[in-house]
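Tertiary structure, described
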Amino acid sequence: MRMYDLIMKKRNGGILSKEEIEYMIAEYAAGRIPDYQMSAMMMAIYFRGMNAQETVALTMAMAHSGDRMDLSAIAGTKVDKHSTGGVGDKTSIALTPMVAACGVKIAKMSGRGLGHTGGTIDKLESFAGFTTGITAEHFVRQVNEIGVSIMGQTADIAPADKKLYALRDVTATVDNMSLIASSIMSKKLASGADAIVLDVKTGSGAFMKEEEDSFALAREMVTLGNMAGRKTIAVISDMDQPLGCAVGNALEVEEAIATLRGEGPEDFTKLCMTLGTYMLLAGGAAADEEDAAKKLQRVIEDGSALKKLARFVQAQGGDAKAVYDTTLLPKASVAEEITSIQDGYVAKIDCDEIGICSLMLGGGRETKDSVIDLSVGLLLHKKVGDYVAAGESLATVYANDSKKLAEVKERFLKAYHFKAQPVLPAQLIKGVVQA
Ligand code: URA
């Protein structure tokens, strides 16, 4: 087989066989196919697409390109959760202890963020000493003992995807549905959980800006998961404005903690309850949706979800005192209000722009080697549908650099759009896709 022939075949609209895809992935992972040929193939796939069989073959080839986690030493159904990502998405930090407090085992592998704000791992590092660099033995033991662990994705999990995703990131070939679905699912399948609940975002702050495309991506991932024998469910949720109010690592952790105390923002709480419901159902810990919702509500009210977060943080070396005293989380030196220059109802918030504001403050990575400032970010006081009077605060900015603060204030104001008439915010949960 020659890579040149495969590129030509796909370029001309042909369908790659399972053997051809396996050859291409194995040879690329081994360094015997150069990046320039793989880039050409990714661009050919970007324009020509892949059918269902090709997508399954690509997913399985990448899932089998490295180690696969063996979670057989953990009794019961192990449930994983994955979000396609967005601005202010701190869901895993509140949701995983909630679900674990209801008796479902959470064995989750996470990555760091590339753009905007940090990923789940970065956010969790707001707890001094917290590490996700734990061994597989520690991971399994912790899930058995306290019901939840989040481990950093090792280089040996789906290494072909790691290499390919980095290549796609710099060759404008990320946003192809089959490539996204196979990339995410290859890692989830290699991570070993029995059931996977996906949070597929839609809107201006998501990969998929159109609802129709988000549903199509969700269907593709659910099919891939179920075909591989994992119970897979996808919730499609709004990312047309930031989730909750906090954007920035330690600020998001603080909001997740408030949510576990029953004091979180309405949209974020609702998303945790919805995803939690499907995780409880997938894990066999609830009879139906109503039962699941009751159980999740109970662990918030009786404090057991918060206690679970403290145990989880402590088990991974973090300062669990910060769960009960958030003044111990990283704090920025300056906090300033951004006031509205006009009256009106908030009609739209450019979600990506708010993410960029956090990035500019130092809360995200400009390059993969950037060091994140965990303390900076924004706390939004007004969201879509809210009325604002001129001079009222739209948000508080937390910064450590006055020049960056001034730039962010200017950019932030351009991200808010107003209307004179009342505006209805978009529905948070757009739908659910399951087999
Ligand atoms: N996240 C991934 O892991 N891969 C993609 O291709 C897109 C988002």
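Keep in mind it's a predicted model, so treat the numbers as computed, not measured. Throughout, residues of each chain are indexed from 1 in the direction in which the sequence is written. It should be noted that, the model being predicted, local features are given only for residues of pLDDT at least 70 and side-chain atom pairs only at 80 or more, the latter also being counted only at that level, while totals for whole chains, interfaces and linings use all residues. No hydrogens and no water enter the side-chain calculation; it runs on all heavy atoms of the structure.

This part takes up the site of the ligand. As a structural note, the neighbourhood of the ligand is formed by Tyr 165, Arg 168, Ile 180, Ser 183, Ile 184, Lys 187 and Phe 207. Measuring from a nitrogen atom of the ligand, one finds a side-chain N or O atom of Ser 183 at 2.6 Å. Definition of a polar contact: a pair of N or O atoms within 3.5 Å, with one able to donate and the other able to accept a hydrogen when the atoms are protein atoms, and with sequence-neighbouring residues admitted only if both atoms are side-chain atoms. A distance of 2.5 Å separates an oxygen atom of the ligand from a polar side-chain atom of Lys 187. In isolation the ligand exposes 240 Å². Once the protein is present, 92% of that is buried. Secondary structure counts use DSSP, requiring at least four H or I residues in a row for a helix and at least two E residues in a row for a strand, with both numbered from the N terminus. When contributions to the shell around the ligand are tallied by element, the ones reaching two or more residues are α8 (159-169) and α9 (177-190). Note on definitions. A residue lies near a molecule or strand when any single heavy atom of the residue is within 4 Å of it. Residue-level accessible areas treat just the shown protein chains as cover; the underlying method is Shrake-Rupley with a 1.4 Å probe.

The strands making up a sheet associate through backbone hydrogen bonding, with each pair oriented either parallel or antiparallel. Strands qualify as paired when DSSP identifies two bridges or more between them. If you walk across this open sheet you meet the six strands as β3-β2-β1-β4-β5-β13, and the pairing is mixed. Either end of the sheet is taken by a strand with one partner, and the two such strands are β3 (148-152) and β13 (429-434). Geometrically, the sheet is characterised by an average inter-axis angle of 20° between neighbouring strands, direction not taken into account. Relative to strand β2 (residues 105-110), strand β1 (residues 78-83) is paired through two bridges, and the arrangement is parallel. Geometry is summarised by axes, namely lines fitted to C-alpha atoms with helices restricted to the contacting stretch, and by angles between N-to-C directions that run from 0 to 180 degrees.

With that out of the way, let us pick up the packing of aromatic side chains. Two aromatic rings, drawn from Phe, Tyr or Trp (for Trp, its six-membered ring), form a pair once their centres lie within 6.5 Å of each other, and the interplanar angle then sorts them: stacked below 30 degrees, edge-to-face above 60, tilted otherwise. Scanning the entire structure with this criterion turns up five aromatic pairs. For the ring pair Phe 130 and Phe 312, a centre distance of 5.7 Å and an interplane angle of 85° mean the geometry is edge-to-face. Of this pair, Phe 130 sits in the loop between α6 (120-124) and α7 (136-146) while Phe 312 sits in helix α14 (residues 304-315), and the two are 182 residues apart along the sequence. Taken individually, Phe 130 and Phe 312 each receive the classification buried, so the pair is uniform in this respect. Among the aromatic residues, those joined into a ring-pair cluster are Phe 412, Tyr 416 and Phe 418. The positively charged end of Lys 90 is found above the aromatic ring belonging to Phe 268, 5.2 Å away from the centroid. Positioned above the aromatic ring of Tyr 28, the side-chain terminus of Lys 163 is 4.3 Å from the ring centre. Relative accessibility decides the category of a residue: with a 1.4 Å probe and only protein chains considered, values under 20% of the type maximum give buried, values over 50% give exposed, and everything between is partly exposed. Lysine NZ or arginine CZ positioned within 6 Å of the ring centre and within 35 degrees of the ring normal marks a charge as sitting over the ring.

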